[in-house]
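Listed below, chain by chain, are the residues.
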Amino acid sequence: MSTQEQKRRFELLQGTLDLLILRTLLFGPAHGYAIAKTIEFQSDDVLQVEQGSLYPALHRLIKRKWLSVEEGTSENNRRAKFYGLTAKGRKQLAVETTKWDSIAGAIARILRPAGEEGES
Amino acid sequence: MRRRKRMLDELDQDIRDHIERETQDNVARGMPPEEARRRAFLKFGNVSRVKEETRKVWTFVWLEQLLQDLRFALRMLRKSPGFTAVAVLTLALGIGANTALFSMVDWVTLRVPPVAKPNQIATVMAEDISGGYDNGFSYPDFADIRNQSAAVFSDVAGTIIFAQDGLSADGNNEPIWTNYVTGNFFELLGVKPALGNFIEPVSGHSLDSEPVLVLGYAYWKTHFGGDPHVIGKNVLINGHPVIIIGVAPKGFRGIISLLDTQGYLPLGMAAVTSDAKNDFATDRKNGSVMIVARLKPGVKLGSAQPVLKVIGQRLAAQYPASDKWKSLLGVAFGPMSAGSDPQSDAVVKVVSALFLILAGCVLILACLNVANLLLARASGRQREMAVRAAVGGARSRLIRQLLTESLLLALLGCVGGIVLGLLASRYMSSINLHMSVPLILDFQFDWRVFVYAFSVAALTALLVGIAPALRATRGDLNNLLHESARTATVGSLRARSVLVVAQVGGSLMLLIVAGLFVRSLQNVDHANLGFDPGNVLNFTMDPHQTGYNQAQAQEFLKNLLPRVRALPGVETASLAATVPMGGIHLGAELKINGYQLRKGESAPHPGYNAVSPQYFNTMRIPILRGRNFLDSDNKKSQYVAVINEVMAEKYWHGENPIGRHFAWANEPQHPVEIIGEVKNSRTAHVTGTYEPYMYVPLAQRYDYELPVTLQLRTSLPLAAMNHEVVSTIQSLAPAMPVFDVQTMTAALDTTNGLLLFQFGAGLAASLGFLGLALAVVGVYGVVSYGASQRTHEIGIRMALGAEPAQVLRMIFEQGLFIVGGGIIVGILAAAAIARLAGNLLVGVAALDPLTYITASLLLAAIALLASYIPARRAMKVDPMVALHYE
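Since this is a predicted model, take the numbers as computed values, not measurements.

**A look at the overall build of chain B**
When its secondary structure is counted, chain B shows 26 helices and 23 strands. A sequence separation of at least 24 residues applies to 83% of the contacts in chain B between residues at least 6 apart.

Structure representation (structure tokens):
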């Protein structure tokens, strides 16, 4: 049973992480370490993602053709892989963002039902 | 696949880089290196788990599911070993019959000799004015065709195939089947020698007569023990010295892969080893040079045809006396192309198709049987499937699961089938042909056979699996879950009955065709051959192989006969140029005094045999009119002939032909007088209509280059005579090769004779009995299954007072319906397919009522017996047990 639960949590995390990656890459291609740092930084260290889980997620997105990979040189002159959004990925980001917003909105309504009712 | 590999290859490096950066970041923030590294690892998480997760992203889900399905299928099959064994064995028989047969068809029609780019090679054939086809050209014609076809052919070679020569090496004289080839022959085919050199092109296309010999690989192995020092060895071909210069590669048997060429000599040697033909290079009338050509790169055979046609018409107009051609045509290179014309090629294809269809029927029967078994299982598993669907199994997933099961069955059957097929074709390859011709029965399993077997198996899996799978997964879950297994099967029982009707029909068809073949074999065996092969022994000699000339050969034969006749146990002894159903047949154009050719009729061209006195006594061919040949019929006396009934009827309209005259078209100076008429007898083929045929004295028309056969009638067995006869021959001519030593009965088993019929009958009979066995299993299975499904119903009926006999009839009726329907289907199918076999049947019509009725009765009896057993069992059901059932 415990493995089942773990899996579910991981899946939940997975969807979120996918969204964060897509969002991060909206401003242009980046290499793996940069993506991890950006997520960490932008979420003010609230979302403490295990950096390793970034990689399965990246590969999953590549397989779905939401991301593309290119070889490049990083700022300190090392060869690195640069991940970038594909057109499909860009579309998916919009879809996921909308979905996320509605879920977030729903959760917010559930958590503050009285206030909402009062306003309507 | 490649993308996956590329992505994963660099994963390790990426992760290492990532951790390295984090470490450096930490160091930059002032941590000691050890601590910085530890923190970086901590932050990254479990490296090996990350790798595993990432790898999983790229694994194929379907592959994993397939493995899962396979494991499950294996478990299901292991759970019911009886079902699995029957199904696998049934499929193995079906697939085995098919692969064995396919390996034969492959051998006859598909396997091309191992030459470079065979699809660029063509042989040339002349279409005669009379409508026949001829691939033997005179040397001048060959040269003209070669010189005029440079626009479409990059190279043209000539070869005389299958000359029977004698090879003397180290004092032994052995027959050798040779090809005489032009110098460019091997180069054109793109064949490289296994040892030494090949015959090479000579400048300016002149006729090469260098005394050299290239050995065939198998002959080199068997006669020279594979000795590499054979190169440079001096041997004699028909008494003429030649040097062995090379050995052909393994697997290359000449341009007809069905026959093994044992040696190759330069084309010009044909005029030397048979010194009578010194006008070989100029004589346009005679010759048997086959033409092999290589198309220019980019030229298709189709675009070469008009060019050949023009050449043919030009030559025919230029030399009307010899080149009686309508046209020339190119024939694509195949296993038999060199020896066959479009007509006989078509016969081979029809026969191949016939047997493939029959074998296909056996496979379909096997499939039906297995499908039936699977259907029975499917209805039993309908509830299992419903449950699985209810807990969320997608229908496509369930169907895939069931198809995996049938695929596994088919694969197991395929492996079994290949083993059975190998055994069968081993057996067929080992059949002794009783022939001196090195015919290769080589039913190998090459890649084509395996591809065929596996595609048959895959198709089988689909065929037997799809219907039960659809049925098992069909339907309304709710209903199914509430229904009992009993009522759920009524529909499937009907479907199964239809399958069994088809099955009975199919096996009846196989039985009928088998019956037709067996009947026709009987007819051939009993056929009035017109001569009596019993107690006749054959000894074939070839004087020209020892280097004899015409006079020496004739002298030898003249002295031989009295000595053989004096041997104890010999009733009569005679000589003949050819033996019935043998490899050689003679024929010649005649001018018949007083016979008017009708419009469009070609000149008389009967077959003939040159024989010694006593021939008709040895063969027991009855003389109807006139007299036998005598020793006094020789070169100095009046030329004489004995003709058969058909020839008398055709050219003398049934009047007494004795005393009439004709002349050989190429020897008009010697008028021939007819001195006798004999009964028709079989000469070249055991079937078909009798053709005009005649006999002439060996003393008056003898070609010493052909072998001659000593035939003697004796009540002693071959083993008792063999040594004495051979030593008598060799006391006169020590180096004389004696071969084809066999009884006349055995000599009939050649490809021209009975062999084909025995082969066909044996093959058809085995397929027929295979079909019968499958039908019995099918009928028994469906009726007993039906009975067991109705146990409950039977119990109620019996409890309500039904007599056991009524129950018996009820169950039996189902069997009767199946058998009756099957017989109608089978007779219709057999009538359709038997027409294809028409050519192979002797003395029995394709719609022979006796065969049809016998086969139907046999099948009906066996099938009804198969349904009687379960019906009897149903009759004995105890009502109490039946009602408590379930």
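There's plenty left to go through after this.
**Details of the overall build of chain A**
Helix and strand counts for chain A stand at 5 helices and 3 strands. Seen in sequence order, chain A has helices and strands lined up from the N terminus as α-β-α-α-β-β-α-α. Relative to its 120 residues, chain A shows a buried fraction of 25%. Considering only residue pairs separated by 6 or more positions, chain A has 49% of its internal contacts joining residues 24 or more positions apart.

**Concerning the interface of chain A and chain B**
The interface is formed by 15 residues belonging to chain A together with 18 residues belonging to chain B. The set of elements that each furnish at least two residues to the side of chain A that touches chain B consists of α2 (32–42), α3 (54–63) and β3 (79–85) of chain A. With 6 residues, the single largest contributor to the side of chain A that touches chain B is α3(A).

**What about the confidence of the model for chain B?**
Residue and element names in this part refer to chain B. When the pLDDT values of chain B are averaged, the result is 81; 88% of them are 70 or greater. Helix α15 (residues 477–482) is the least confidently modelled element of chain B, averaging 57 in pLDDT, while strand β21 (residues 693–697) averages 95, the highest of any element. Below a pLDDT of 50 lies the segment residues 485–489, which in the model reaches 11 contacts outside its immediate sequence neighbourhood of four places, other chains included. The ipTM value of the predicted complex is 0.79, and its pTM value is 0.61.

**A closer look at unusual backbone geometry**
All names here are of chain B. Its identity as a non-glycine residue notwithstanding, Asn535 has a phi of 65°, on the positive side. Take Asn535: it is sitting in the loop between α16 (490–526) and β12 (536–541). Notably, Arg620 is not glycine yet its phi reads approximately 55°, a positive angle. In this structure, Arg620 sits in the loop between α18 (615–619) and β17 (623–626).

**Regarding α2(A)**
It helps to recall that an α-helix has 3.6 residues per turn; residues three or four apart then point in one direction. Among the residues of α2(A), Gly32(A), Tyr33(A), Ile35(A) and Ala36(A) are the ones counted as buried. Along the axis of α2(A), the buried positions cluster into a sector of 165°, meaning they face one direction only.

**Some remarks on the sheet that holds strand β2 (residues 67–73) of chain A**
Residues and elements named next belong to chain A. One open sheet accounts for 3 strands, arranged β1-β3-β2; its pairing is antiparallel. What marks the edges here is a single partner per strand, and that holds for β1 (30–31) and β2. Note that β1 and β3 share 2 bridges and pair antiparallel. Pairing of His31 across the sheet is with Phe82, part of β3.

**Quick word on the environment of Leu54(A)**
Along the chain, Leu54(A) falls in helix α3. Separated by 19 residues in the primary sequence, Leu54(A) and Ile35(A) place their C-alpha atoms 8.6 Å from one another.

**So, the packing of α3(A) against helix α4 (residues 47–58) of chain B**
The geometry of α3(A) relative to α4(B) is characterised by a closest axis approach of 8 Å and an angle of 10° between their N-to-C directions. The pairing of α3(A) with α4(B) is recorded here as roughly parallel in orientation. Residue-level inspection shows Tyr55(A), Pro56(A), His59(A), Arg60(A) and Lys63(A) of α3(A) in contact with α4(B), the latter providing Val50(B), Glu53(B), Thr54(B), Val57(B) and Trp58(B). A breakdown of the residues in the contact of α3(A) with α4(B) according to their chemical character gives 5 nonpolar, 2 polar and 3 charged.

**As for the nonpolar core**
Residues and elements named next belong to chain B. Core analysis: the largest hydrophobic core is formed by 158 residues, its most contacted members being Val362 and Val513. Split by domain, this core shows at least three residues from each of two domains, domain 3 (347–526 + 755–884) and domain 4 (536–746). Setting aside residues no more than four positions away along its own chain, Val513 makes contact with Leu358, Ala764, Gly768, Ala830, Ile833, Ala834 and Ala837. In this structure, Phe185, Tyr217, Val242 and Val289 belong to the second largest nonpolar core, which totals 68 residues.

**Brief notes about the packing of α2(A) against α3(A)**
Residue and element names in this part refer to chain A. The geometry of α2 relative to α3 is characterised by a closest axis approach of 11 Å and an angle of 110° between their N-to-C directions. Judged by the inter-axis angle, α2 sits roughly perpendicular to α3. When you trace α2 past α3, the crossing you get is right-handed. Touching Gly32, Ile35 and Ala36 of α2 are Leu54, Tyr55 and Leu58, all from α3. Looking at the contact of α2 with α3 residue by residue, the classes come out as 5 nonpolar, 1 polar and no charged.

**Some thoughts on helix α9 (residues 217–224) of chain B**
All names here are of chain B. For α9, every residue scored as buried is listed here: Tyr217, Tyr219 and Trp220. The buried side chains of α9 occupy one side of the element, clustering within an arc of 165° when seen end-on. Elements that come into contact with the buried residues of α9 comprise β4 (172–181), β6 (212–215), β8 (240–247) and β9 (263–266). At the C-terminal side of α9, Gly225 shows a positive phi close to 60°.

**Concerning the pairing of strand β7 (residues 234–237) of chain B**
All names here are of chain B. In this structure, strand β3 (residues 153–169) lies alongside β7, joined through 2 bridges in antiparallel fashion. Looking at β7, one finds that Leu167 is bridged to Ile237. Where β7 and β8 come together, 4 bridges link them in antiparallel fashion. From the neighbouring strand, Val235 faces β8, where its bridge partner is Val242. Counting the residues in the hairpin turn of β7 and β8 gives 2 residues, including Asn238, whose phi is positive at 50°.

**Things to note about the confidence of the model for chain A**
Residue and element names in this part refer to chain A. Considering every residue of chain A, the mean pLDDT works out to 75; 73% of them sit at 70 or more. Of the regions scoring below 50 in pLDDT, residues 1–12 engages in 0 contacts with residues more than four places distant in sequence or in other chains. Scored below 50 in pLDDT, residues 116–120 makes 1 contact in the model with residues more than four places away or belonging to other chains.

**What to know about the environment of Thr90(B)**
All names here are of chain B. Mapped onto the elements of the fold, Thr90 is located in helix α6 (residues 81–110). In this structure Thr90 comes out as buried when scored by C-beta crowding, with 26 C-beta atoms within 10 Å. Taking the C-alpha atoms as reference points, Thr90 and Leu368, separated by 278 residues in sequence, lie 9.9 Å from one another.

**Considering the environment of Arg75(B)**
Positionally, Arg75(B) belongs in helix α5 (residues 61–79). Along the sequence, Arg75(B) and Glu405(B) sit 330 residues apart, while their C-alpha atoms lie 9.8 Å from each other.

Definitions and cut-offs
- Sequence order as written defines residue numbering, which begins from 1 separately in each chain.
- To read the labels, note that chains go from A and ligands from 1, taken in the order they are written.
- This being a predicted model, a pLDDT of at least 70 is required before a residue's local features are given, and a value of 80 or more before pairs of side-chain atoms are given or counted; all residues contribute to the totals for chains, interfaces and linings.
- Note on conventions: DSSP H or I runs of at least 4 residues are helices, E runs of at least 2 residues are strands, and numbering of each starts at the N terminus.
- Think of it this way: build a C-beta for each residue from its backbone, and any pair within 7 Å is a contact.
- Counting other C-beta atoms within 10 Å of a residue's own tells you its class, since 20 or more makes it buried, 12 or fewer makes it exposed, and anything in between is partly exposed; those C-beta atoms are placed from the backbone.
- For every residue, the predictor reports its confidence as pLDDT, a number between 0 and 100.
- Each direction from the helix axis to a C-beta atom contributes to the arc, which is the arc of those directions.
- One requirement defines pairing of two strands: DSSP has to find at least two bridges between them.
- For helices, the fitted line uses only the C-alpha atoms of the stretch in contact; every axis is such a line through C-alpha atoms, and the angle between N-to-C directions lies from 0 to 180 degrees.
- In what follows, roughly perpendicular refers to angles from 65 to 115 degrees, roughly parallel to angles under 35, roughly antiparallel to angles over 145, and oblique to any angle outside these ranges.
- Three classes are used: nonpolar for Ala, Val, Leu, Ile, Met, Phe, Trp, Tyr, Cys and Pro, charged for Asp, Glu, Lys and Arg, and polar for all others, with Gly counted as polar.
- Put simply, a nonpolar core is buried Ala, Val, Leu, Ile, Met, Phe, Trp, Tyr and Cys residues tied into one set by C-beta atoms within 7 Å.
- The domain boundaries here were taken from an automatic or database domain assignment.
- By the definition used in this description, the sense in which the near helix is turned from the far one sets the handedness, with an anticlockwise turn below a right angle giving left-handed and a clockwise turn giving right-handed.

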